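Single-letter residue listing:
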Amino acid sequence: MVAAGAALADEVGIANLTMGLLAERLGVRTPSLYKHVGGQEDLNRRIAALALSEAADAVGGAVQGYAGQDALAAAARSFRAFVLEHPGRYAATVGMEPSGPDDPLAAGGRRLLDAFTAVLRGYDIPEADVDHALRALRSLCHGFATLQAADGFQWSADVDTSFEWLIAFADRGLRSYAPGAGAA
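Residues numbered from 1 in each chain as written. Predicted model: local features only at pLDDT ≥ 70, side-chain atom pairs only at ≥ 80, totals over all residues. Heavy atoms only, no water.

1. Things to note about the overall build of the protein
Phase 1: Of the regular secondary structure elements, the protein holds 9 helices and 0 strands.
Phase 2: Helices (α) and strands (β) of the protein occur, in sequence order from the N terminus, as α-α-α-α-α-α-α-α-α.
Phase 3: With the principal axes as the frame, the protein shows a C-alpha extent of 60 × 45 × 30 Å.
Phase 4: Contacts spanning at least 24 positions in sequence make up 67% of the contacts within the protein whose residues lie at least 6 apart. (Helix = DSSP H or I, 4+ residues; strand = E, 2+ residues; numbered from the N terminus. Contact = heavy atoms within 4.5 Å.)

2. Here we look at helix α1 (residues 2-12)
Phase 1: Those residues of α1 that fall on the buried side of the exposure criterion are G5, A6, L8, A9 and D10.
Phase 2: Where α1 is buried, its residues touch α2 (19-26), α4 (40-63), α5 (68-85) and α6 (87-93). (Buried < 20%, exposed > 50% of the residue type's maximum accessible area, 1.4 Å probe, protein only.)

3. A few points about the pattern of salt bridges
Phase 1: For the structure shown, the criterion picks out 9 salt bridges.
Phase 2: Between D171 and R175 there is a salt bridge, with its nearest N and O atoms 2.7 Å apart. On the criterion of helical spacing, the pair formed by D171 and R175 is a turn pair, its members being 4 residues apart in helix α9 (residues 159-175).
Phase 3: Through salt bridges with shared partners, a single network forms among D10, E54 and R89. (Salt bridge = Lys/Arg side-chain N within 4 Å of Asp/Glu carboxyl O.)

4. Quick word on the side chain of S78
Phase 1: Checked against the element boundaries, S78 lands in helix α5.
Phase 2: Side-chain polar atoms of S78 contact the backbone oxygen of A58, separated by 3.0 Å.
Phase 3: Ignoring anything within four residues of it in the chain, the contact list for S78 reads A58, V59 and A62. (Polar contact = N/O pair within 3.5 Å; in protein donor to acceptor, adjacent residues only side chain to side chain.)

5. Re the packing of aromatic side chains
Phase 1: On inspection of all chains with the given rule, the structure shows 6 aromatic pairs.
Phase 2: Judged by centre distance (5.4 Å) and plane angle (90°), the ring pair of F79 and Y90 falls under edge-to-face. In this pair, F79 is assigned in helix α5 and Y90 in helix α6, connecting sequence segments 11 residues apart. Neither F79 nor Y90 differs from the other in exposure class; each is buried.
Phase 3: Where W165 meets F169, the ring centres are 5.4 Å apart and the plane angle is 10°; that geometry is what we call stacked. (Phe/Tyr/Trp six-rings, centres within 6.5 Å; stacked < 30°, edge-to-face > 60°.)

6. Overview of the packing of α5 against helix α8 (residues 130-149)
Phase 1: Closest axis-to-axis distance for the α5/α8 pair is 9 Å, and the angle between their directions is 35°. Judged by the sense of rotation from one axis to the other, the crossing of α5 with α8 is right-handed. For the pair α5 and α8, contact is made by L72, A76, F79, R80, V83 and L84 and by L137, C141, H142, F144, A145, T146, Q148 and A149, respectively.
Phase 2: Residue classes in the contact of α5 with α8 are distributed as 10 nonpolar, 3 polar and 1 charged. (Axes fitted to C-alpha atoms, helices over the stretch in contact; angles between N-to-C directions. Left-handed = near helix turned anticlockwise from the far one by under 90°. Nonpolar A, V, L, I, M, F, W, Y, C, P; charged D, E, K, R; others polar.)

As structure tokens, then:
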């Protein structure tokens, strides 16, 4: 049922996903869904956990065997592809807080961060600055992918070329990073 909800969220957007709409899609009455989830918020949390786990699988698999710019490019492209293919379920992850360390949402988030942390091992980023570098990479990848998914690039430059430019930009920044130059 969560997978069906995630697929429907990708079609209609997470903000438009309702228990009634999901019940209609599944051919059941809405009260039947409450045997499986505690309500709309629980469904959205489960969709977010699924999305984080799927994104972690995609990015983690993409970076295997790569380092440096190749790993960065593989991670960024994989993340972007995931967001573009699954915009509704990915949107469910934004702002969703884990309820504790054992929450599947936390586990999926850790796995996704681990995949991006593996990318950073190919750069000379001091341990004290890894969180800053992760936030920078997330901002770049998330921002580009969500803008593209929302049809936010409506001018003539090729979007794929722009994304490759972004990857090269991030690589140059990470390679030229001077230890100790991070945020205070």
